Amino acid sequence: TNWWESTQFGNNQGANDCMTELFGVKNIFSNPKPVELLRGLLQIGNVKNPDIVLDFFSGSATTAHALMQLNEEDKKDRHFILIQSTETVKCGSEAERQGYRTIDQIGIERIKRAAAKIRKEHPDTTADLGFRHYTLAEPSQHTLDELEKFDPNENSFFTSDLLTEFGKPTVLATWLNRDGYGLTAKPEEIDFAGYKGYYIGQHLYLIDKKLTNEAIEAILNKFETDGNFNPKNVVLFGYSFLWTEREALQTNLKRLKDKDVNFDIRY
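Conventions used here
Per-chain numbering applies: the sequence of each chain, read as written, is numbered from 1 onward. Owing to the predicted nature of the model, reporting of local features is limited to residues with pLDDT of at least 70; listing and counting of side-chain atom pairs is limited to 80 or more, with chain, interface and lining totals taken over all residues. Excluded from the side-chain calculations are hydrogens and water; all other atoms, namely the structure's heavy atoms, are used. Following DSSP output, two strands are said to pair if at least two bridges run between them. Note on conventions: DSSP H or I runs of at least 4 residues are helices, E runs of at least 2 residues are strands, and numbering of each starts at the N terminus. To define axes, lines are fitted to C-alpha atoms, for helices over the stretch in contact only, and angles between the resulting N-to-C directions are given on a 0 to 180 degree scale. Residue contacts are counted whenever heavy atoms from the two residues lie within 4.5 Å of one another. Buried residues are those whose accessible area, probed at 1.4 Å on protein chains only, stays under 20% of the maximum for their type, while exposed residues exceed 50% and partly exposed ones sit between those limits. Asp and Glu are treated as the negative residues and Lys and Arg as the positive ones, with His and the ends of the chain left uncounted. Put simply, a salt bridge is a Lys or Arg side-chain nitrogen that is within 4 Å of an Asp or Glu carboxyl oxygen. Pairs of N or O atoms are called polar contacts if they sit within 3.5 Å, as long as, within protein, a hydrogen donor faces a hydrogen acceptor (for residues adjacent in sequence, only side-chain-to-side-chain pairs).

K.L.:
Give me the lowdown on the sheet that holds strand E5 (residues 203-206), citing residues and values where you can.
P.N.:
Read from one edge to the other, the open sheet built from five strands follows the order E3-E4-E5-E6-E7, with strand pairing classed as mixed. At either margin of the open sheet sits one strand with a lone partner, and together these are strand E3 (188-192) and strand E7 (262-266). Each neighbouring strand pair of the sheet contributes to a mean axis angle of 25°, computed without reference to strand direction. In terms of strand pairing, E5 meets strand E6 (residues 233-237) through four bridges, oriented parallel. Paired with Leu206 across the two strands is Leu236, which belongs to E6. Sheet strands in contact with helix H10 (residues 213-225) are E3, strand E4 (195-200), E5 and E6, and its direction is about 120° off that of E3.

Right, here's the structure in full:
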């Protein structure tokens, strides 16, 4: 209070009133931060456009609320990454009575409601008000054991199915972020003779099992006949492919004329 006046940067009572307005009930979350305070911090810290704001202890997601609101005001394109453990709400609390089991569920709902409020107040907004929710999960001990003894040169499938345990979207999102496309990129799904591949920018991602010879021919045909299809990297989820399939694809890619394609197998 000695540095930033509450009249400009908010206070706890105002933050509580904001939550009450959004959720329609009081005391859904204890001691939320004022949107005005986060807004002031974002304005100080924002050095480029677009910028990424990281909040390791997101709580009720005030950071996301302030960021979306500020993006609408100054028409910039900041992005947020919020992290919150699955901490349970207090037994008998208003949050529990409203059906929330963990604090992160409150934050998710707040982002949705804050975005809806901004859209209602600014129907012509072009601000990005969407988000994606990711959950961290540990692999089972069986999978860890199989990973340890996995031999990529054996001509057999990986005995434990990582795609079933984690899901193809997890693998794809990990790669997209690693390759610089961000957490919200949407690659194009392409059908190669019944086999699904995912194309974006300079990358073609192949994740599923059972890459047939017909699929390999379809991939080569796409390279040779579609001028808009020009990935510089073909990325394979190594656990899904037989050694013979990897060799067949790599050998056929070398047939392409005037195209330098990097063959990338990831585990």
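On we go from here.
K.L.:
Got a sec to walk through the side chain of Arg110? Specific residues and values, please.
P.N.:
By secondary structure assignment, the location of Arg110 is in helix H6 (residues 103-121). One buried charged residue, Arg110, forms no salt bridge at all, with the nearest opposite charge on Glu36 at 8.0 Å. A polar side-chain atom of Arg110 sits 2.8 Å from a polar atom in the side chain of Thr62. Residues within four places of Arg110 in sequence aside, it is in contact with Cys18, Met19, Leu22, Phe23, Val35, Ser60, Ala61, Thr62 and His65.

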